[in-house]
Amino acid sequence: MWAGFIFSLRQELIVTGIIFLLLFIKVGATEYKTAVILNLVNGLLLANFILGFIGCQDSILFSGMFHTNKLLVLEKNILNLGTLIISLQAYDWLKGHRQVLEFYLLLLATLVGFFFMISAGNLLMFYLGLELSTIPLAALSSFDLEKRQSSEAAMKFIMSSAFSSALLLFGISLLYGATGTLDFDTIGQRLDGSAFQLFAFILLLSGFAFKISVVPFHLWTADVYEGSPVTVSAYLSVISKGAVFFVFIQVLYTVFKPLAANWYRILVLLSILTMVTGNLFALRQDKLKRLLAFSSIAQSGFILAGITGSSRTGDASVIYFILVYIFSNLGAFGVVSLISAQTGKEGIDDYKGLYATNPLLSWVMAISLFSLAGIPPTAGFFGKFFLLMAGVGKGNYVFIGIAALNMVISLYYYLRVIKAIFMESQPEPIGKLTIPFLPNLAFLICVAGIIMTGLMGWVYDYIYSLSIGL
Amino acid sequence: MNLSLLVLAPLITAVAVLFCRGLNRVRWVSLAGASVQLVLSFGLLALYWKERAAGNDAAMLFEYRHAWYLPLNIWYHIGVDGISVAMILLTAIVMEAAILVSWSIKTMSKEFFTLLLFLSAGAYGFFLSLDLFTLFFFLEVSVIPKFLLIGVWGSGKKEYSAMKLALMLTSGSALVFIGLLGLYYHTGGAGGPHTFDWVTISQMQFPAEVQRVFFPFLFAGFGIFTALFPFHTWVPDGHSSAPTAASMFLAGISMKLGGYGCLRVAVFLMPDAAREYSPLIILLATIAIVYGAFATMMQKDLKYINAYSSISHCGFILLGIGMLTRTAIAGAVMQMISHGLMTALFFAAIGMIYDRTHTRLVGRLGGLLKIMPFISTIFVIAGLCSLGLPGLSGFVAEITVFMGSWQHAGEMYRLATILACASIVITAVYILRATGQVIMGPVREPQYNGLADATWNEKLAGILLGAGIIAIGVAPFWLNDLLASGVGSIMDHAEKTSIIK
C-alpha cells in the first residue's frame, strides 16, 4: 500500500524532499557557502530528473483526486529538465545573491504545485496545485531585491494572477452548480452544452488563458518578464506556461470533449489573435527581454493552433513542441541571463558586435533564435511543422495560412537580433565574458537538444505512443 | 551507391573546418571536401549510366528509405533520376569553384567555409529527396547560411539585402508548406494513412478542385526561389550584396531549387492544374523575361547586370515548364544547368575584377583584356553564353526551350515564344555593351595597369565552369540523354494521370 503510494507520487515526493532539506539547512545551519548550496541543489535536481525515468504504471490515488500515468510522468519530467537547465543557468546570478535558499524553496514549491496540477483528477486539486505555484512565483518575480522594477513586476503578477484565479474559481463554482460534481470524469459525462455550462466553461478558459498569456489576457506578460530577474522570466515563459498547457490540453481533450465543437472555434480565434498580436508587438521592441516576452506570446498562439487539431497528433505535437521550446527559449534566455548578470545590459543595441568578443554565446543565441523561428535543421522547425500540421487536420487551411504568414513575420524580429550580433558593431561592445562551468553545461544541453531532438524521430514516436486524442 | 554520402560529405567537411587552426588549413580542408563532393557526383553519374545501360529503367535509382517520424508517416527517402543527377553534378561543380574563388577570404574564414559547405549539403539533400517532408526540410536549411553569408561577408547594403532575401524566401517556403500540407491531407482518403512520399503520391490522382487550390501555393512558393515575377525583387539585392561565392551559389544553385521544385512537385504531382494555370505561368514568365532584360539594360553595376539578367534567364525556365511539352521541359532543365554554370562563372569573373579594381561600375572599368587576359576571357565566355552564342550551353538550352514552346500551338503561347525570342536581342545589347566597355578599349584608370591576372585557384575555378559550359554547348547529347528519362517520366505521368484530356 505505502510502497505503491510512494512510487506513484515519487516525483512530487522527491521535490518535496529537496524543499525540506533546504529548509533544514536554512533553519539549522548558521553559515553556509553559496557555491556549495548551488552545487548541491543542481546535483539534486539532476538526480530528480534521472529518477523520473524510472518506469511507472497507471494509478489513481486519493479517491480520484490524483492520477498518474506514463504521459503525466513524462510531462513532469520535461518540466524537471527545464527546471534543471534554468537552475544551471541561474548560477552566475545566484552566486552573488544573499537569499539562495529562499529562491530554491520558492522555485521548487511552484514545481510541486505544477506537478499536482498536472496530475489533478478533480477541479479542487487542480486549483490547489495552481495556487501553490502562483503565489511563490509572484515572490520570485521580486527577487531582484534592489530593483524597484522587480517589485513592480511582482505586484503586477500577483494582481493579474488574483484576477485570473477569481475568474477560474467563478467558473469552477458555476460548473459545480451545473453538473453537481468537481470530479473530472463525472463532469465530462454530465456536460450537455447548455448555455449555462458554456458560460462556466468560458470563465474557466479565461483563467487558463491568463496563465498561458493568450490575447486578450496577455497584458501582464511583457511587464512582468521585463521586471523580473531573467531566470524567473525564463521560468515563467517555459515551465509555468508549459505546465499549464499540459493541463489545458488534457482537460480540453478529456473533460470538455462534449464541447469540442464550441472550443474549436474559440481556440482558432484566440490562436490567430495571439499570434498576430504577439508578433506585431515583438517587431517594435528594443529590449531583448520584452522581445522574448512577446515572442513567447506568439508561440502560445502556435501551440493553440496545435491544440485545435483535436487529434492524437495534436496532443503529441504540443508536448513535443513544449520540449523543443524549453531547449530553444532557455538557450536564448540563458544568454540574456548571463550577459545581464555580468554586464547589466539587456537592450538589442547592446548586443551589437557580440560575435567579435563572445563567439560561443553568439552561436548559442543564434541557434536558439533560429529554433524559435522554426528554421531547420533546428528542432524548432519540426516542432512548428508538426503543430501546424496537426492544426490543419480539420481542413482549415485559411487558419494555417495565417499561421504560416506569422512565422515569416516572426522571423524578422529574430533575425534583427542575429543581425545585431553578427553584422553590426558599436564603439563599446560587450567585453569578453567568462562562462562558468554550470551555465556552460546548460548551454550544451540546450544546443544539443535543439540540434538532436528533431533529427531523432524516436522522441516524437515515444511522445505519440503516450498521447491521447479527442 | 549510398546517396546519403552526398549530404554527409559536406557536413563532415564543415565540422572538420570548424576544428581547423590557421587560414591555410581551413582552405585546404574545404577544398578537399568540395573535391570529394565532385568525385562523388561524377561517380554517381558513372554509376547512373551503368545502371541505365544495364537496362534498369526504374523511375528512381539508388533509392533509400529510413523511417523518420513513423506516426506521421514521414520518411527520410532519397533517390535519383537523370534530372537529379544533373543537378547534383551542377551543385558539385559550382561548389568546387565557389571554394576556389573564396581563397582570399580572410575575415572569419572558418565560419565562411563552414556556412558555404552547409549550404551545399542542403542543396544536395533537396535534389535527392523523394519525400516531400525531407524536401521541405532541405529547402529551408539554406536560410541560415544564406542570411549570414550575405549579412556578414557581403558588400553594399548587405543587412538590408540579407533580411529581404531571408524573408522573401521564407514566404516562399510558407506557401510551399501550405501546398504540401494540402497534398498530404488529400492522400489516403479520409482518416486513412496520409503520406508525404513522392513516389506514392505520384500514383494518385487528386480531384481537379484540390489541384486547383493547392497548385498555386506550390508553384508560387517554389517560384519565389526562381524569381517568378512579381516576386523577383530579392534577386538583384541579394545577388549583388552577397560575397562572390555566395552569389555564385545563390544564382547558380539556389534559384534552381525553385525550378526543380516547380517541376518535380507542383507540375509532376498536379498535372491537371498545371495545364489549367499554364497561361498564367506563361504570362508571368514572359513578363519576367522581357522586363528582366530591359531592367538589365539600365544597370551600371556588373553584379546588378548579372542579377537582373538572371531574372530574365530564369524566366526561360518557367516558360519551358509552363509550356508543358516534352521538348520545352527538357529545355527548361537544360537552362537550369546552363544558367547555373554560366551565372556562377559570370559572378566569379565579376568577383575577381572587383577584388582587383575595387569597383564594379561599368563606367569606371575599361581595357581589362590588356591587364588581365584570363579573367577577361572567362568574362567574355560567360557573356557570350548568356546571349546564346552557338557552341556554348546557353544556346543549346534556349533553342530547346524555343523549339518546345513553338510546339504549343495556342496563339498566346506563340506570342509568348516570339516575345521571349526577341528578348535575346536585348540580351545581346546589354552583354555586348558591358563587355565592350569593361574588356575592350583603352585602360580606363592608370592604376589598373599594375594589376595581376588570375591566380591559380581562380584559373582553376574559371576553367572548371567554362569547361562545363563548353562541354554542354559542343556536345549537348550526353546531357539530353541524361535528362530524357526524367523528363519523359514527367510527361508520361502527366498524360497518364490527367483527368482532363
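These notes cover the structure that comes with them.

Cut-offs applied
- Within each chain, residue numbers correspond to sequence positions counted from 1 in written order.
- Written order determines the labels here, with chains lettered from A and ligands numbered from 1.
- Where local features are concerned, this predicted model is filtered to residues with pLDDT of at least 70; where side-chain atom pairs are given and counted, the filter is 80 or more; whole-chain, interface and lining totals use all residues.
- Side-chain metrics in this entry use all non-hydrogen atoms of the structure; hydrogen atoms and water are not considered.
- Numbering of helices and strands starts at the N terminus; helices are DSSP runs of H or I of at least 4 residues and strands are runs of E of at least 2.
- The rule is simple: take the accessible area with a 1.4 Å probe, protein chains only, and divide by the maximum for that residue type; under 20% is buried, over 50% is exposed, in between is partly exposed.
- Paired strands, as defined in this entry, are two strands with at least two bridges between them according to DSSP.
- Any two residues whose heavy atoms approach within 4.5 Å are treated as being in contact.
- Buried area is calculated as the accessible area (1.4 Å probe) missing from two parts once they are joined, with the contributions of both summed.
- Any Lys or Arg side-chain nitrogen found within 4 Å of a carboxyl oxygen on Asp or Glu counts as a salt bridge.
- Pairs of N or O atoms are called polar contacts if they sit within 3.5 Å, as long as, within protein, a hydrogen donor faces a hydrogen acceptor (for residues adjacent in sequence, only side-chain-to-side-chain pairs).
- Each cavity reported here is a set of points on a 1 Å grid over the protein atoms alone in which a 1.4 Å probe fits but cannot get out, each pocket an open set with protein on both sides within 12 Å along at least five of seven lines, and each lining residue one with an atom within 4 Å of a point.
- Grid points are joined across faces, edges and corners, and a volume is the space filled by probe spheres set on the points.
- Just so you know the grouping, Ala, Val, Leu, Ile, Met, Phe, Trp, Tyr, Cys and Pro go in nonpolar, Asp, Glu, Lys and Arg go in charged, and all remaining residues, Gly too, go in polar.
- Convention adopted: a line fitted to C-alpha atoms gives each axis, helices being fitted over their contacting stretch, and angles between N-to-C directions are expressed from 0 to 180 degrees.
- Working definition: roughly parallel below 35 degrees, roughly antiparallel above 145 degrees, roughly perpendicular at 65 to 115 degrees, and oblique for all remaining angles.
- Each crossing is labelled by how the near helix is turned from the far one, with a counterclockwise turn of less than a right angle marking it left-handed and a clockwise turn marking it right-handed.

What follows covers the environment of B:Asp272. Residue and element names in this part refer to chain B. Inspection of the secondary structure puts Asp 272 in helix α12 (residues 271–297). Among the residues examined, Asp 272 registers a relative accessible area of 2% and is labelled buried. A C-alpha to C-alpha distance of 35 Å links Asp 272 and Asn 306, two positions 34 residues apart in sequence.

Sheet analysis places strand β1 (residues 61–69) of chain B next to strand β2 (residues 74–80) of chain B, joined by 6 bridges and oriented antiparallel. Across the sheet, residue B:Arg65 finds its bridge partner in β2(B), namely B:His77.

Here the focus is the interface of chain A and chain B. On the chain B side, the residues contacting the 40 residues of chain A number 37 residues. Interface of chain A and chain B: buried area, both sides summed, is about 3,500 Å²; carbon and sulfur atoms make up 84% of it. Considering only the surface of chain A that becomes buried against chain B, A:Met389, A:Tyr397 and A:Met423 emerge as the three largest contributors, covering 20% of it. Our count for the chain A to chain B interface comes out at 0 salt bridges. The interface formed by chain A and chain B holds 6 residue pairs in polar contact (both at pLDDT 80 or more) in total. Mapped by element, the contributors of at least two residues to the side of chain A that touches chain B are α15 (312–343), α17 (359–373), α18 (379–391), α19 (397–423), α20 (437–455) and α21 (457–466) of chain A. Here the side of chain A that touches chain B gets 13 residues from one element, more than from any other, and that element is α19(A).

With that settled, the discussion passes to the layout of surface pockets. Vacant regions in the atomic arrangement are exposed by a probe of water-molecule size rolled over the atoms. By volume, the largest pocket is sized at about 1,700 Å³. In this structure, the largest pocket is lined by 42 residues; those nearest its centre are A:Ile367, A:Pro377, A:Ile451, B:Val15 and B:Phe118. Only α17 and α20 of chain A together with α1 (4–18), β1, α4 (109–128), α5 (132–141) and α6 (143–153) of chain B provide two or more residues apiece to the lining of the largest pocket. Approximately 580 Å³ is the volume found for the second largest pocket. Lining the second largest pocket are 24 residues, with A:Phe53, A:Leu74, A:Trp458, A:Val459 and A:Tyr462 positioned closest to its centre. Of all elements in the fold, only α4 (70–89), α15, α20 and α21 of chain A reach the threshold of two or more residues within the lining of the second largest pocket. The element best represented in the lining of the second largest pocket is α4(A), accounting for 6 residues. Its residues placed into classes, the lining of the second largest pocket shows 18 nonpolar, 5 polar and 1 charged.

Moving on, we get to the packing of helix α3 (residues 82–101) of chain B against helix α19 (residues 456–474) of chain B. All names here are of chain B. Closest axis-to-axis distance for the α3/α19 pair is 8 Å, and the angle between their directions is 160°. By the criterion of interaxial angle, the relationship of α3 to α19 is roughly antiparallel. α19 is crossed by α3, and the crossing has left-handed handedness. Facing α3, whose interface residues are Ile 93, Val 94, Glu 96, Ala 97, Leu 100 and Val 101, α19 presents Trp 456, Asn 457, Leu 460, Ala 461, Leu 464 and Leu 465. Its residues placed into classes, the contact of α3 with α19 shows 10 nonpolar, 1 polar and 1 charged.

Turning to unusual backbone geometry, a few remarks are in order. In this chain, A:Val215 is followed by A:Pro216 through a cis amide linkage whose omega measures 5°. The topology assignment puts A:Pro216 in the loop between α10 (195–211) and α11 (219–227). For the bond from A:Pro376 to A:Pro377, the omega torsion is 5°, close enough to zero to count as cis. Looking at the secondary structure, you find A:Pro377 in the loop between α17 and α18. Non-glycine residue B:Phe62 carries a positive phi angle of around 50°. In this fold, B:Phe62 is placed in strand β1.

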